Amino acid sequence: MRVTEALRRKGGSVVTISRDRSVRDLLALLAQHGIGAVVVSDDGASVDGIVSERDVVRRLHSDGDGILDGPVDAIMTAAVHTCGPEATLDELMPLMTEHRVRHVPVLVDTRLTGIVSIGDVVKHRIAEVQAERDQLTAYIAGGP
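Predicted model, so just to flag it, every value in this text is computed and none were measured.

Rules and cut-offs
- Residue indices begin from 1 for each chain and proceed along its sequence in written order.
- The predicted origin of the model limits local features to residues at a pLDDT of at least 70 and limits the giving and counting of side-chain atom pairs to 80 or more, whereas totals for whole chains, interfaces and linings rest on all residues.
- No hydrogens and no water enter the side-chain calculation; it runs on all heavy atoms of the structure.
- Any Lys or Arg side-chain nitrogen located within 4 Å of an Asp or Glu carboxyl oxygen qualifies as a salt bridge.
- Strands are runs of DSSP state E lasting at least 2 residues, helices are runs of H or I lasting at least 4, and numbering of each runs from the N terminus.
- Throughout this description, buried means an accessible area under 20% of the type-specific maximum (1.4 Å probe, protein chains only), exposed means over 50%, and partly exposed covers the range between.
- What makes two strands pair is DSSP finding at least two bridges between them.
- Residue types Ala, Val, Leu, Ile, Met, Phe, Trp, Tyr and Cys, when buried and joined through side-chain atoms within 4.5 Å, form a set referred to as a nonpolar core.
- Note on contacts: a residue pair qualifies if any of its non-hydrogen atoms lie within 4.5 Å across the two residues.
- Angles run from 0 to 180 degrees between N-to-C directions of axes, and those axes are lines fitted to C-alpha atoms, restricted for helices to the stretch in contact.
- The scheme is simple: roughly parallel for angles under 35 degrees, roughly antiparallel for over 145, roughly perpendicular for 65 to 115, oblique for anything else.
- By the definition used in this description, the sense in which the near helix is turned from the far one sets the handedness, with an anticlockwise turn below a right angle giving left-handed and a clockwise turn giving right-handed.
- The nonpolar class holds Ala, Val, Leu, Ile, Met, Phe, Trp, Tyr, Cys and Pro. Asp, Glu, Lys and Arg form the charged class, and all remaining residues, Gly among them, are polar.
- Residues with no salt bridge and a relative accessible area higher than 30% make up the patches, which join like charges within 9 Å and nonpolar side chains (Val, Leu, Ile, Met, Phe, Trp, Tyr) within 5 Å.
- Surface exposure here means Shrake-Rupley accessible area, sampled with a 1.4 Å probe, where a residue is shielded only by the protein chains that are shown.

*Asks:* So what exactly am I meant to see when it comes to the pattern of salt bridges here?
*Replies:* This structure, assessed with the given rule, holds eight salt bridges. As a salt-bridge pair, Arg-19 and Asp-42 come within 3.0 Å of each other at their nearest N and O atoms. With Arg-19 in the loop between strand E1 (16-17) and helix H2 (23-33) and Asp-42 in the loop between strand E2 (37-40) and strand E3 (49-52), this residue pair connects regions lying 23 residues apart in the sequence. Of the residues examined, Arg-19 reaches a relative accessible area of 26% and is grouped as partly exposed.

As structure tokens, this is what we get:
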């Protein structure tokens, strides 16, 4: 399955936050939308970074709760792994595993058009395994 198909099924909306907003504002967005990461974008179209729940927890542990009133860009990951809409979810699996990322923004000509999460990839893989199982079951049931 291509990323475009996954985005068509789940929708292409992406929650973004500008780099100067507070980490407290970021936490409110995460809770409000029930998501695990937010793309940092000052204009809503470019990708300036990404920040996840994991980033917040690690910085809280190392720097204390003072980070909550600081800007998002103090804790964001600036080197973001991205993909294009023609990438396959199978191609994203090793990227996510190797780089230990759970969210991959989708870009078209450097413009943010969606985001794929590890949950999207797992959902796709489960559907593939189920389809294979159903085919094997049908083959065995219809066999000699």
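Next comes the rest of the write-up.
*Asks:* Even after reading the chapter, I still don't get the pairing of strand E4 (residues 103-108), so can you show me in this structure?
*Replies:* Alignment of E4 against strand E5 (residues 111-117), held across six bridges, turns out to be antiparallel. Counterpart to His-103 in the pairing with E5 is Ser-117. Counted between consecutive antiparallel strands, the loop separating E4 from E5 contains two residues, among which Asp-109 sits at a positive phi close to 50°.

*Asks:* Mind showing me how you'd approach the nonpolar core here?
*Replies:* When a protein is soluble and globular, its nonpolar side chains tend to lie buried together. Counting residues in hydrophobic clusters, the biggest one holds 15 residues, and the most contacted among them are Ile-17, Leu-26, Val-51, Val-72 and Ile-75. For this core, the secondary-structure elements that each account for two or more residues are H2 and E2. Looking at this core, the element that brings in the most residues is H2, giving four residues. If sequence neighbours within four positions are ignored, Val-72 has contacts with Ile-17, Ser-18, Arg-19, Arg-21, Ser-22, Val-23, Leu-26, Val-40 and Val-51.

*Asks:* I tried to follow the packing of helix H4 (residues 89-99) against helix H5 (residues 118-142) on my own but got confused; where do I start?
*Replies:* For any two helices packed against each other, one specifies the inter-axial angle together with the distance between the axes. Their axes nearest at 10 Å, the elements H4 and H5 cross at an angle of 130°. Comparing the axis directions of H4 and H5 gives the class oblique. The two elements H4 and H5 cross, and the hand of that crossing is left-handed. Touching Leu-89, Asp-90, Met-93 and Met-96 of H4 are Ile-118, Asp-120, Val-121, His-124, Arg-125 and Glu-128, all from H5. Broken down by class, the residue content of the contact of H4 with H5 amounts to five nonpolar, one polar and four charged.

*Asks:* When you look at a nonpolar patch on the surface in this model, what are you seeing that I'm missing?
*Replies:* Taken together, the side chains of Ile-118, Val-122 and Ile-126 define a hydrophobic patch exposed on the protein surface, amounting to about 250 Å² of accessible area. By relative accessible area, which is 35% here, Ile-118 ends up partly exposed.

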